[in-house]
Amino acid sequence: MHLRVTGAEPSSMVLYALTLALGTVVFAGICFFLAYLCHRIHLGKPFDRVLTVGLTVSSVSLVALSLLGPFLFAAAQGRIFAALGVELGRAPFVNGWSFGDTDAVLLVAGVFLGLLALAFRAGGWCQRAELARA
């Protein structure tokens, strides 16, 4: 659902814009990292410490975004409504933090990337042990 807001101060929209920008930066960073991971797999060098760290950072970023995103959006929307002079203190639909379907998908994706990081770490150990034997 999209809602056009007129009459709100630009300063009240800053937190909302920053929340949108944060999500965009996280997703862009993960996409670039996964492209680099695919390139390393294509080269036959997938088990590098940088890749394990990158997968871990991607996992933590997605989990944090899925848990903090709803709170940040609720705070931003509360600030916008306050700037408009709308009193939502008794509104039945306002609960401050709403964990939705999209947030659940991000949480599951973050956990999956964390498990993938563990698998890559184990693969790195196996690869180093194999190289040490050779």
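The structure we're discussing is the one just above.
Conventions and cut-offs
- Residues numbered from 1 in each chain as written.
- Predicted model: local features only at pLDDT ≥ 70, side-chain atom pairs only at ≥ 80, totals over all residues.
- Heavy atoms only, no water.
- Helix = DSSP H or I, 4+ residues; strand = E, 2+ residues; numbered from the N terminus.
- Rg over C-alpha atoms; globule rule 2.2 N^0.38 Å.
- Buried < 20%, exposed > 50% of the residue type's maximum accessible area, 1.4 Å probe, protein only.
- Contact = heavy atoms within 4.5 Å.
- Areas by Shrake-Rupley, 256 points an atom, 1.4 Å probe, with all protein chains shown as cover.
- Lys, Arg positive; Asp, Glu negative; His and termini not counted.
- Charge placed at Lys NZ, Arg CZ, Asp CG, Glu CD.
- Core = buried A, V, L, I, M, F, W, Y, C linked by side-chain atoms within 4.5 Å.
- Phe/Tyr/Trp six-rings, centres within 6.5 Å; stacked < 30°, edge-to-face > 60°.

Undergrad: I keep staring at the overall build of the protein chain and nothing clicks. Help me out?
TA: The helix and strand tally for the protein chain stands at three helices and zero strands. When its helices and strands are written in sequence order, the protein chain yields α-α-α. Taken over C-alpha atoms, the radius of gyration comes to 21 Å for the protein chain, far larger than the 14 Å a tight globule of 134 residues would show. For the C-alpha atoms alone, the extent of the protein chain along its principal axes is close to 70 × 25 × 20 Å. Counting the 134 residues in the protein chain, one finds 24% classified as buried. At a minimum sequence separation of 6, the contacts of the protein chain that also span at least 24 residues come to 81%. Just so you have it, the protein chain exposes about 9,400 Å², and 69% of that area is on carbon and sulfur atoms. For the protein chain, the distance from the average position of its 9 positive side-chain charges to the average position of its 6 negative side-chain charges is 12 Å.

Undergrad: In this structure, what is going on with the nonpolar core? I would like to understand it.
TA: Generally speaking, soluble globular proteins have nonpolar side chains that are buried together. Counting residues in each nonpolar core, the largest one holds 12 residues, listed as Val26, Ile30, Phe33, Leu37, Leu51, Leu55, Leu62, Leu65, Leu106, Leu113, Ala117 and Phe120. Listing elements by their share of this core, those giving two or more residues are α1 (10-43), α2 (49-84) and α3 (101-133). Leave out the neighbours within four places in its chain, and Leu113 touches Leu55, Ser58, Ser59 and Leu62.

Undergrad: Got a minute to help me understand the packing of aromatic side chains in this structure?
TA: Each aromatic ring pair is summarised here by two numbers: the centre-to-centre distance and the angle between the ring planes. This structure, assessed with the given rule, holds one aromatic pair. Geometrically, the ring pair formed by Tyr16 and Phe73 is edge-to-face, given 5.4 Å between the ring centres and 65 degrees between the ring planes. Of this pair, Tyr16 sits in helix α1 while Phe73 sits in helix α2; the two residues are 57 residues apart in sequence, bridging distant segments of the chain. For Tyr16, a relative accessible area of 27% gives the class partly exposed.

On their own, these measurements won't tell you what the molecule is for.
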